[in-house]
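# Examining the three-dimensional arrangement
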Amino acid sequence: MKAASLCLLLLLNSLDSGDTQVSLSVTPDSSQFFKYDSFSLSCEEEEEQREEEESSAAWTVMKRMEDGEVESCPSSSCSIMDAYPSTDSGVYWCETGLGETSNSVNITVTAGSVILESPVHPVMEGDAVTLRCRTQTTPSNLPADYYKDGFLIRTGSTGEMTIHNVSKSDEGLYKCNISGVGESPESWLAVRAPPPTAPPPAALLSVSRLMCHLAVGTPYLLSTIILGLIFRDRRRGHNLVNTAGSEVRGHSTLTIDGVNIPMTLKASWRRSSR
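Residues numbered from 1 in each chain as written. Predicted model: local features only at pLDDT ≥ 70, side-chain atom pairs only at ≥ 80, totals over all residues. Heavy atoms only, no water.

## Quick notes on the overall build of the protein chain
Defined as follows: Per the convention used, a helix needs a DSSP run of H or I reaching at least four residues, while a strand needs a run of E reaching at least two, with both numbered from the N terminus. We call two residues in contact when some of their heavy atoms are within 4.5 Å.
For the protein chain, the count of helices and strands is four helices and 20 strands. Considering only contacts in the protein chain between residues 6 or more positions apart, those separated by 24 or more positions represent 57%.

Below is the structure:
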């Protein structure tokens, strides 16, 4: 029973992987919106939440506006209809009553005529990212100039710019400009390193199964070894008894004055010792 309990514990520990993580999701995936646009935010779990009392508190979308005022949405999701620059621009994040927080996202609502569509979450090194310069009224495939940290880096003829094989050096403040239309606000493009390689779950389970086999099989292995030793000692003792009996039953002859006298060898020694 103890071995079975140990196996169950090992398997459960191997299946329980990592802490619960919550990320703030923005739909559509952009950090800039026009005035009167609509967008939504929600707190999404990246892994299955563990059934613990400490993690049972609900997540709430929080917002810090540009004037520093903090507001909260009534639940883990929040829909913004007819966005307005002064009330809906700011930093958004998820939070629980226990003080747990998620990543934060900076949202800009502008009354201007051009926005830069860029991902709200960090881009992983080695991936590709596309930035789009979009207008509110005219077609969005107009040529646009793209700037990073205030310097012109590229001119796109189709209204978008793709950065291939992103590296940490691509991190910075980006904006775009469409000649004769206007310039977008700046947005921060974050770049992160890929996560460290973790052992696959199959490897964890194989280790657990190995521990189970050892825990269950060791008593049987020890019992087999002990029984083998006992059988070996009994067989050895039986062989010794048989050898001694053969020696006692063996006969020899003694010659005295030319006369051969048959006699038992060990018996004669015992008589002579007396």
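Text resumes after the structure shown.
## Examining the sheet that holds strand S5 (residues 70-72)
The following threshold applies: The rule for pairing is simple: two strands pair if DSSP sees at least two bridges between them. Orientation is described by lines fitted to C-alpha atoms, with helices fitted over the stretch in contact, and by angles between N-to-C directions that extend from 0 to 180 degrees.
The mixed open sheet is built from five strands, whose spatial order is S2-S8-S7-S4-S5. Looking at the sheet topology across the chains shown, the edges are occupied by strand S2 (32-34) and S5. With direction set aside, neighbouring strand axes in the sheet form an average angle of 30°. Examined bridge by bridge, strand S7 (residues 90-95) and strand S8 (residues 101-110) share five bridges and lie antiparallel to one another. Bridge assignment links Tyr92 to a residue of S8, and that residue is Val105.

## Topic: the packing of aromatic side chains
Each aromatic ring pair is specified by the distance between its two centres and by the angle formed by the two planes. Put simply, the rule is: In this analysis, rings of Phe, Tyr and Trp, with Trp reduced to its six-membered ring, are considered paired at centre separations within 6.5 Å, and the interplanar angle assigns stacked below 30 degrees, edge-to-face beyond 60, and tilted for intermediate values. The buried label applies to any residue whose accessible area, calculated with a 1.4 Å probe on protein chains only, is under 20% of its type's maximum; exposed applies above 50%, and partly exposed to all values in between.
Overall, the coordinates contain one aromatic pair when judged by the stated rule. Judged by centre distance (4.4 Å) and plane angle (10°), the rings of Phe33 and Phe39 are stacked. Across the pair, Phe39 and Phe33 agree in class, each one buried.

## What about the layout of surface pockets?
Rules: With a 1 Å grid laid over protein atoms only, a set of points is called a cavity when a 1.4 Å probe fits there but cannot get out and a pocket when it is open yet has protein on both sides within 12 Å along at least five of seven lines; lining residues have an atom within 4 Å of a point. Grid points are joined across faces, edges and corners, and a volume is the space filled by probe spheres set on the points.
By volume, the largest pocket amounts to about 280 Å³. At the level of elements, S8 and strand S17 (187-189) are the ones that each hand at least two residues to the lining of the largest pocket. When its volume is computed, the second largest pocket comes out at roughly 180 Å³. The wall of the second largest pocket is formed by 14 residues, among which Asp29, Ser30, Glu117, Ser118 and Arg132 lie closest to the centre. Elements that contribute at least two residues to the lining of the second largest pocket include exactly S2, strand S9 (114-117) and strand S11 (129-135).

## A closer look at the pairing of strand S1 (residues 22-27)
With five of six residues buried, S1 is to be regarded as a mostly interior element. Relative to strand S3 (residues 39-45), S1 runs antiparallel, the two sharing six bridges. Bridged to Val26 within S3 is Leu41.

## Focus: the sheet that holds S11
What the three strands build is an open sheet, ordered S9-S11-S14; its pairing is antiparallel. Each edge of the open sheet carries a strand with a single partner, namely S9 and strand S14 (160-163). Averaged over all adjacent pairs, the angle separating strand axes in this sheet is 15°, with direction ignored.

## Observations concerning the pairing of S14
On S14, burial follows the alternation: Met161 and Ile163 on one face are buried, whereas Glu160 and Thr162 on the facing-out side are not. Two strands pair when backbone bridges link them, and S11 and S14 are joined in this way by four bridges, in the antiparallel orientation. From the neighbouring strand, Val129 faces S14, where its bridge partner is Ile163.

## Some points on the state of the cysteines
Let me state the cut-off plainly: Only a pair of cysteine sulfur atoms within 2.5 Å qualifies as a disulfide here.
This model, assessed by the stated rule, comprises three disulfides. Here Cys43 connects covalently by a disulfide to Cys94, the sulfurs 2.1 Å from one another. Across the disulfide from Cys43 to Cys94, rotation about the S-S bond amounts to roughly -105°, and the bridge is consequently left-handed. Here Cys94 lies in strand S7 and Cys43 lies in strand S3, a separation of 51 residues in the sequence. Residue Cys43 is classed as buried on the basis of its relative accessible area of 14%. Note on Cys94: relative accessible area 0%, which makes it buried. Two residues, Cys73 and Cys78, share a disulfide whose sulfurs are 2.1 Å apart.

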